[in-house]
Amino acid sequence: MISESKVEIAGARIKVRFRFVPREGWFPHDTEGLWATRLSADTARVDNVPFLQDGVAQGDVVRFQTDDEGLHWATGRVSASGNCTVRVVPTPFGPLGRSPQAVHQRLADFQLGGEVFSDEFPMVAFDVAAGTDFGALKQFLVRGQDDGWWHFEVGSGTEAFWSA
């Protein structure tokens, strides 16, 4: 039988924070908070795509610790979703301009979910589902970069992604 306190915990939306070392030439942030669905007293499933944190993707289950201020800090990944995280920044003076909508349109055939960082910095963080044609996506991303549409990076890739 599930205790009443476990029922209250499961399903709640929380913000799980990740610590990382800032990258030179990148944002000066050393933490990122991601929305997650609480699964237990110390685990949650990530519900959005990370803009800055590497090594985690939407759908991954992470373990966290709650500090004295009530903030939830990730301590590691419990299980991987099979999804990948790809970040795309349109080249300001390229054919797409600074338009995250144009980036979404170019990648529409891959049916990727994504979020835009800000109007000032139109980076799109895409959730690449496990069933995506990774080989075709990688070829398209490289072609877009070579053609001056965007720059991209893989924030979290699976073995299936890297071997495609």
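Reading guide: rules and limits
- Residues numbered from 1 in each chain as written.
- Predicted model: local features only at pLDDT ≥ 70, side-chain atom pairs only at ≥ 80, totals over all residues.
- Heavy atoms only, no water.
- Pairing = 2+ DSSP bridges.
- Helix = DSSP H or I, 4+ residues; strand = E, 2+ residues; numbered from the N terminus.
- Axes fitted to C-alpha atoms, helices over the stretch in contact; angles between N-to-C directions.
- Contact = heavy atoms within 4.5 Å.
- Buried < 20%, exposed > 50% of the residue type's maximum accessible area, 1.4 Å probe, protein only.
- Lys, Arg positive; Asp, Glu negative; His and termini not counted.
- Salt bridge = Lys/Arg side-chain N within 4 Å of Asp/Glu carboxyl O.
- Polar contact = N/O pair within 3.5 Å; in protein donor to acceptor, adjacent residues only side chain to side chain.

Some points on the sheet that holds strand 6 (residues 84-90)
- One open sheet accounts for 4 strands, arranged 7-8-6-9; its pairing is antiparallel. The outermost strands of the open sheet, each flanked by one partner alone, are strand 7 (113-116) and strand 9 (150-156). Going from strand to strand, the sheet's axes swing by 20° on average, the running direction of each strand aside.
- Direction of pairing for strand 7 relative to strand 8 (residues 124-128): antiparallel, over a ladder of 4 bridges. Within strand 8, the position partnered with E115 by the bridge is A125.
- This element, helix 3 (residues 134-146), spans strand 6, strand 8 and strand 9 of the sheet and lies at about 145° to strand 9.

Some words on the side chain of K138
- As for its position among the elements, K138 is in helix 3.
- We note that K138 is buried and unpaired, the nearest opposite charge coming from E159 at a distance of 9.1 Å.
- Here F161 takes part through its backbone oxygen, which lies 2.8 Å from a polar atom of the side chain of K138.
- Among the polar contacts made by the side chain of K138, one reaches the main-chain carbonyl oxygen of A164 at a distance of 2.9 Å.

So far we have only geometry, and geometry alone does not tell us how the molecule works.
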